[in-house]
Amino acid sequence: MTSLAPLLCVVALFATALPARADLYALIIGIDRYDTLPDLQGAVNDAADIADAVSALQPTDMRVLLNEDATRAAIFDNWASLAAQLEPGDTLLVAYAGHGGNEPAAFPDQEDNGRDENILLSGFAPRGAPAGERIRDDEIAALIEATPTANVVFVADSCHSGSVHRKSTLRARYSAIGTIIDDPLPPPPQIARAEHNSGKYSIFFGAVPETDLVYEITEGQQVRGALSLAFAAVLRGAADFNADGIISMGELEVYV
């Protein structure tokens, strides 16, 4: 599922042949190990594959956070550090593979289903301080809005990923977390989505609509997420349909 705002299908996103171009930055997150949720098998594989593909594009700066290193604080800090380096026209790629979930919406009138989608980090538990180890969709939207004039590509290979945001015979990238008790997080920022900054574009790829689950698959000898598998292939040039060495927004959308 994709969301493009504004729709500028001729914009060059990734240069597979490495001509002169704007700079590429990346934050790549993969979580298999969870303290209280079922472990996954393929999210770290997804992160490693995407990181390898990004490396070939010679990014200016790439950060990789895996398992317990992918804390809420680390994700926010690394995003801010990368955003501080961005110049107009640069691209920031953020890729997440791991569990997703949902919770009662902080602003129900803004959500058709009355739920906020979230990504669940390694140390998450539904009670007390560990409940803070999650990131809600409105918070991700705020991070994108606060990322100056650069272009943002956000890939979420997790369950319920239709608005921000993984089952092999089938392991699901989803956990029903129930009611969060003694939530340490304040309400998320209220994003005026209609006021999106038209001076940049953002692209969001969620593995499934926000009501669905994502199942891990087996590709060769590895457990993977299908969206991450396809996206890594994009970065290696599979979507370069006109063989010009550039992956445009339109080619990216069509291939994935």
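Cut-off values and rules
Residues numbered from 1 in each chain as written. Predicted model: local features only at pLDDT ≥ 70, side-chain atom pairs only at ≥ 80, totals over all residues. Heavy atoms only, no water. Helix = DSSP H or I, 4+ residues; strand = E, 2+ residues; numbered from the N terminus. Buried < 20%, exposed > 50% of the residue type's maximum accessible area, 1.4 Å probe, protein only. Areas by Shrake-Rupley, 256 points an atom, 1.4 Å probe, with all protein chains shown as cover. Core = buried A, V, L, I, M, F, W, Y, C linked by side-chain atoms within 4.5 Å. Contact = heavy atoms within 4.5 Å. Polar contact = N/O pair within 3.5 Å; in protein donor to acceptor, adjacent residues only side chain to side chain. Expected span 1.5 Å × (residues − 1). pLDDT = per-residue confidence, 0-100. Pairing = 2+ DSSP bridges. Axes fitted to C-alpha atoms, helices over the stretch in contact; angles between N-to-C directions. Parallel < 35°, antiparallel > 145°, perpendicular 65-115°, else oblique. Left-handed = near helix turned anticlockwise from the far one by under 90°. Nonpolar A, V, L, I, M, F, W, Y, C, P; charged D, E, K, R; others polar. Patch = residues over 30% accessible without salt bridge, like charges linked within 9 Å, V, L, I, M, F, W, Y side chains within 5 Å. Salt bridge = Lys/Arg side-chain N within 4 Å of Asp/Glu carboxyl O.

For the rest of this paragraph, the subject is the overall build of the protein chain. Looking only at helices and strands, the protein chain has five helices and 13 strands in total. Across the 256 residues in the protein chain, those meeting the buried criterion constitute 53%. Of the roughly 10,500 Å² that the protein chain leaves accessible, carbon and sulfur atoms contribute 53%.

Let us now look at the nonpolar core. Soluble, globular proteins show a tendency: their nonpolar side chains are buried together. Counting 35 residues, the largest nonpolar core has L27, I29 and W79 as the members making the most contacts within it. At the level of elements, β3 (24-30), α2 (72-83), β5 (91-97), β7 (115-120), α3 (137-145) and β9 (151-157) are the ones that each hand at least two residues to this core. Take this core: its biggest share by element is five residues, from α2. Core analysis: the next-biggest nonpolar cluster, separate from the first, contains 24 residues, A47, A95, F231 and M249 among them.

A few words now on the environment of E251. Structurally, E251 can be placed in helix α5 (residues 249-255). Once the C-alpha coordinates of E251 and F241 are considered, the two residues, 10 residues apart in sequence, prove to be 6.9 Å apart. For E251, the residues in contact, after removing those within four places along its chain, are A239, D240, F241, N242 and I246. Here the side chain of E251 touches S248 through a polar contact of 3.0 Å, landing on its backbone nitrogen.

This part covers helix α1 (residues 43-55). Owing to its 3.6 residues per turn, the α-helix aligns residues three or four sequence positions apart on the same side. Compared with the 18 Å implied by 1.5 Å per residue over 13 residues, the 18 Å span of α1 between its first and last C-alpha is a close match. Among all positions in α1, only A43, V44, D46, A47, D49, I50, A51, A53 and V54 are buried. Looking at the buried residues of α1, the elements they touch are β3, β4 (61-66), β5, β9, β12 (222-224) and α4 (226-235).

Looking at the protein chain as a whole, the pLDDT averages 79, with 74% of positions reaching at least 70. The weakest mean pLDDT in the protein chain belongs to strand β1 (residues 2-5) at 34; the strongest belongs to β4 at 98. Note on residues 1-11: pLDDT under 50 across the span, and 32 contacts to partners over four residues away in sequence or across chains. In the predicted structure, residues 193-199 sits below a pLDDT of 50 and forms 10 contacts with residues beyond four places in sequence or in another chain.

Neighbouring strands of a sheet are bound in pairs by backbone hydrogen bonds; such pairs are parallel or else antiparallel. One open sheet accounts for three strands, arranged β6-β7-β8; its pairing is antiparallel. Bordering the open sheet on either side are β6 (100-104) and β8 (134-136), each of which pairs with just one other strand. If you compare each strand with its neighbour and ignore which way they point, the axes differ by 35 degrees on average. Taken strand by strand, α3 contacts β7 and β8, and its axis lies near 70 degrees from that of β8.

Once that is clear, we can look at the packing of α2 against α3. Between α2 and α3, the shortest axis-to-axis distance is 11 Å and the interhelical angle comes to 20 degrees. Regarding the angle of α2 to α3, the classification is roughly parallel. Here the hand of the crossing between α2 and α3 comes out right-handed. Packed against α2, whose contacting residues are R72, F76 and W79, the element α3 presents E139, L143 and I144 at the interface. Here the residues of the contact of α2 with α3 sort into four nonpolar, no polar and two charged.

Let us now look at unusual backbone geometry. The backbone phi angle of N67 is positive, close to 50 degrees, even though this residue is not glycine. With relative accessibility at 8%, the residue N67 sits in the buried group. You will see that D182, though not glycine, has its phi angle at about 55 degrees, which is positive. Relative to the elements of secondary structure, D182 occurs in the loop between β9 and β10 (202-206).

Moving on: a nonpolar patch on the surface. Together, F241, V254, Y255 and V256 line one region of the surface with nonpolar side chains, adding up to about 370 Å² of accessible area. In this structure V256 comes out as partly exposed when scored by relative accessible area, which is 34%.

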